[in-house]
Amino acid sequence: MRAPDTERGRLALVLCLVAAVILFTATVPLLRGWFDLRVYYGTVDTWMHHGGHIYDYRVPGTTYGFTYPPFAALSMLPMAFVSLDTAIVCALLLNLVAVSAVVWILVGPELRRYGWFGWALAACALALLEPVRDTFSFGQVNLLLLALVLADAWLLSTGRGRFAGVGIGLAAAVKLTPAVFIGLLLLARRWRAAAVATAVAVAATLLALWAAPGASRFYWAHALWDTNRVGRLDYVSNQSLQGVLARLAAPDAPSRAAWALAVVLVMAVWVWRTHRALRSGDWRAAFALTGLTACLISPITWVHHLVWLLPSFAVLVYARRLRIAAVLYAMLCSSVVWLWFDDASGIDGFLGSNTYVWITLGLLLGLPVGHPRVGRLPLSRSASATTAPTPNPTAPASTPLFGQSEPSAAVVGSAVGPDRDTAGRSGRSEPTGETRPAAENPQSSSDRASS
């Protein structure tokens, strides 16, 4: 199907897509009522104005409260000085900025070829993607964390490596799962960036310890290890390896040994595939594989956490695997896993209720790595500035990185080795009466908490 050739035709198509998105959103029961944002708001309001503790607050009518590290609550303190409605508006705006940054970093060069039309199509597509729409509807922080992590990728690709690591460190301090990206920096031998990320995460954690010592001790000694605070492991929204095992074992607890073995196997695949991506300088695949791994090994990966799959879609687009991308996109828009909300038993339950896990595993194993159309980032020591590749007049030109109009000298200069900038210098140079929507809407059930 070809896009319209005229501006009028493009505008008509976009208006039709916008109407379809609005109709879909209005008729399908997918809205979450800002539940997680209410958790954040109620937590900091109680902490600041009512003498409560961070992990004591519960949303009225539920058993669910704050589950993130104390630094996350510290970073959300501004909400304590505004109304809930204002906090909702700010969360919407922040998520819009974050998703725009993510799209610009991942596929900016491709979209710029089509101007406003490309950006409008991307907006409509993202509005239908379940993890993205859930992040907005819950008032979640996933897109903000993804933007922070990808900002470091952008810094590395543009020769500003001395500043890289701050985004990953902050994301890891707010929510532990992004810490796996420090492992990516270590695999890439980006020692300075890994050190910066670790230092930022530790400094943020120590700041929270100073600001809320009791809450910090409680979190690291007790709350971190209690997954029941977050929600049921076998809840269908938990699309992690642990979720698969929990649904198989339900109503019993899943085997910890089986989960540990599954995590080790996934980590081994991640190291193998990421090392291959790093050797070929394929930054998009390296970051995408790491996001996939984070979703799989986390004890709980709610559907809205799967925004970490967005870099994988960018890899598929640049590798011109458009049919595969379209099929996976359609499945992630379908909310198909919720068909097994009441009963995930049997073969159909095993396959259907874990659909998003199978997608994530399939991408981890089969995501294109080192494709010639993918923008290259020399993350590992295998990159060499002294050996130039043999020109191939028939090969397609590499796509510019991160929205650059053309390959910059900064990217070429970064090929000298790890931790070098373009000049060759060392990188060192509720409270409210409202409760969660009733459980007759399975996707808005209170069987899981803020996470």
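Residues numbered from 1 in each chain as written. Predicted model: local features only at pLDDT ≥ 70, side-chain atom pairs only at ≥ 80, totals over all residues. Heavy atoms only, no water.

The name an unreviewed UniProt entry assigns to the chain is Glycosyltransferase 87 family protein, from the organism Streptomyces chiangmaiensis. UniProt, in its Subcellular location (unreviewed entry) section for the chain, records the words "Cell membrane". UniProt lists a comment for the chain under the heading Sequence similarities (unreviewed entry), and it reads "Belongs to the glycosyltransferase 87 family." (UniProt positions renumbered as here; feature names shortened; annotations may be inferred.)

> What exactly am I supposed to notice about the overall build of the chain here?
Helix and strand counts for the chain stand at 19 helices and 0 strands. By element, 67% of the accessible surface of the chain is carried by carbon and sulfur atoms, the whole surface being about 19900 Å². (Helix = DSSP H or I, 4+ residues; strand = E, 2+ residues; numbered from the N terminus. Areas by Shrake-Rupley, 256 points an atom, 1.4 Å probe, with all protein chains shown as cover.)

> Before we go on, may I ask you to explain the confidence of the model for the chain in this structure?
Keep in mind that low pLDDT regions are not for reading the predicted coordinates in detail. Of all residues in the chain, 80% have pLDDT values of 70 or greater, and the mean over the chain is 82. Residue range residues 372-442 is modelled with pLDDT below 50. Its contacts to residues more than four positions away, or to other chains, number 144 contacts. (pLDDT = per-residue confidence, 0-100. Contact = heavy atoms within 4.5 Å.)

> Help me understand the pattern of salt bridges, please; the structure alone is not making it clear to me.
It is possible for side chains of opposite charge to pair when their charged atoms get near one another. Counted according to the given criterion, the structure contains 2 salt bridges. Arg 232 is paired through a salt bridge with Asp 234; the nearest N and O atoms lie 3.0 Å apart. (Salt bridge = Lys/Arg side-chain N within 4 Å of Asp/Glu carboxyl O.)

> I would appreciate a short explanation of the packing of aromatic side chains in the present structure.
For any pair of aromatic rings, geometry is given as the distance between the ring centres together with the angle between the planes. Enumeration according to the criterion identifies 17 aromatic pairs in this entry. Note on Tyr 40 and Phe 66: the rings are 6.2 Å apart at their centroids and 80 degrees apart in plane angle, and the pair reads as edge-to-face. In this pair, Tyr 40 is assigned in helix 2 (residues 35-49) and Phe 66 in the loop between helix 2 and helix 3 (70-75), connecting sequence segments 26 residues apart. Given a relative accessible area of 1%, Tyr 40 falls into the buried group. Residue classification places Phe 66 among the buried residues on the basis of a relative accessible area of 0%. Judged by centre distance (5.7 Å) and plane angle (25 degrees), the rings of Tyr 55 and Tyr 219 are stacked. Here the residue Tyr 55 occupies a position in the loop between helix 2 and helix 3, and Tyr 219 occupies one in helix 11 (residues 213-221), the gap between them amounting to 164 residues. Neither residue differs from the other here; Tyr 55 and Tyr 219 are each classed as buried. Members of the aromatic cluster, joined through ring pairs, are Tyr 40, Tyr 55, Phe 66, Tyr 68, Phe 218, Tyr 219 and Trp 220. Over the face of the ring belonging to Tyr 318 we find Arg 284, whose NZ or CZ atom lies 4.0 Å from the ring centre. (Phe/Tyr/Trp six-rings, centres within 6.5 Å; stacked < 30°, edge-to-face > 60°. Buried < 20%, exposed > 50% of the residue type's maximum accessible area, 1.4 Å probe, protein only. Lys NZ or Arg CZ within 6 Å of the ring centre and 35° of its normal.)

> Before we go on, may I ask you to explain the packing of helix 8 (residues 166-174) against helix 10 (residues 191-211) in this structure?
Packed helices, taken two at a time, are described by the angle between their axes plus the distance between the axes. Two numbers describe how helix 8 lies on helix 10: the axes approach to 7 Å, and their chain directions differ by 35 degrees. For the element pair helix 8 and helix 10, the recorded crossing hand is right-handed. Two secondary-structure elements touch here, helix 8 through Val 166, Ile 168, Gly 169, Leu 170, Ala 172 and Ala 173 and helix 10 through Val 196, Ala 197, Val 200, Ala 201 and Ala 204. Class assignment of the residues belonging to the contact of helix 8 with helix 10 gives a composition of 10 nonpolar, 1 polar and no charged. (Axes fitted to C-alpha atoms, helices over the stretch in contact; angles between N-to-C directions. Left-handed = near helix turned anticlockwise from the far one by under 90°. Nonpolar A, V, L, I, M, F, W, Y, C, P; charged D, E, K, R; others polar.)

> I would appreciate a short explanation of the nonpolar core in the present structure.
For soluble globular proteins, the rule of thumb is that nonpolar side chains tend to be buried together. Ranked by size, the top nonpolar core spans 119 residues in total, and within it Phe 66, Leu 309 and Leu 310 carry the most contacts. Here Leu 310 is in contact with Val 102, Leu 106, Leu 126, Leu 129, Val 132, Leu 143 and Leu 146, once residues within four sequence places are set aside. (Core = buried A, V, L, I, M, F, W, Y, C linked by side-chain atoms within 4.5 Å.)

> I'm lost on helix 9 (residues 180-187) in this one. Help?
Because an α-helix packs 3.6 residues into every turn, residues spaced three or four apart end up facing the same way. Along helix 9, the residues that are buried comprise Val 180, Phe 181, Ile 182, Leu 184 and Leu 185. Looking at the buried positions of helix 9, the neighbouring elements they touch are helix 7 (142-157), helix 8, helix 10, helix 13 (256-279) and helix 14 (283-297). Arg 189 lies just past helix 9 and shows a positive phi near 60 degrees.

> What should I look at first to understand unusual backbone geometry in this one?
A negative phi holds for most residues other than glycine; trans holds for most peptide bonds. Following Ala 250, the chain continues to Pro 251 via a peptide bond in cis, the omega torsion being 10 degrees. For Pro 251, the location among the structural elements is in the loop between helix 12 (241-249) and helix 13. The phi angle at Arg 189 is positive, at roughly 60 degrees, despite the residue not being glycine. Checked against the element boundaries, Arg 189 lands in the loop between helix 9 and helix 10.

> Would you explain the packing of helix 12 against helix 13 in this entry?
The interhelical angle for the contact between helix 12 and helix 13, taken along N-to-C directions, is 150 degrees, at an axis separation of 10 Å. With respect to helix 13, the element helix 12 is oriented roughly antiparallel. Of the two elements, helix 12 crosses helix 13, and the hand of that crossing is right-handed. Between helix 12, through Leu 241, Gln 242 and Leu 245, and helix 13, the contact on the second element is made entirely by Ala 258, Trp 259, Ala 262, Val 263 and Val 266. (Parallel < 35°, antiparallel > 145°, perpendicular 65-115°, else oblique.)

> Sorry if this is basic, but what is going on with the environment of Gly 346 here?
Examined against the element boundaries, Gly 346 turns out to sit in helix 17 (residues 346-352). Residues Gly 346 and Leu 248, 98 residues apart in the sequence, show an inter-C-alpha distance of 9.1 Å.

> Mind showing me how you'd approach the environment of Arg 58 here?
Turning to its location among the elements, Arg 58 is positioned in the loop between helix 2 and helix 3. Under the relative-accessibility criterion, Arg 58 is labelled partly exposed at 32%. A sequence separation of 16 residues divides Arg 58 from Gly 42, and the C-alpha atoms of the two residues are 7.9 Å apart. Arg 58 has contacts with Thr 63, Tyr 64, Gly 65 and Arg 229, leaving out every residue within four places of it along the chain. Polar contacts involving the side chain of Arg 58 include one to the main-chain carbonyl oxygen of Tyr 55, which spans 3.1 Å. (Polar contact = N/O pair within 3.5 Å; in protein donor to acceptor, adjacent residues only side chain to side chain.)

> Explain a nonpolar patch on the surface here, please?
Together, Leu 11, Leu 15 and Trp 116 make up a nonpolar patch on the protein surface, roughly 300 Å² of accessible area in all. With respect to the helices and strands, Leu 11 occurs in helix 1 (residues 7-27). We classify Leu 11 as partly exposed; its relative accessible area is 44%. (Patch = residues over 30% accessible without salt bridge, like charges linked within 9 Å, V, L, I, M, F, W, Y side chains within 5 Å.)

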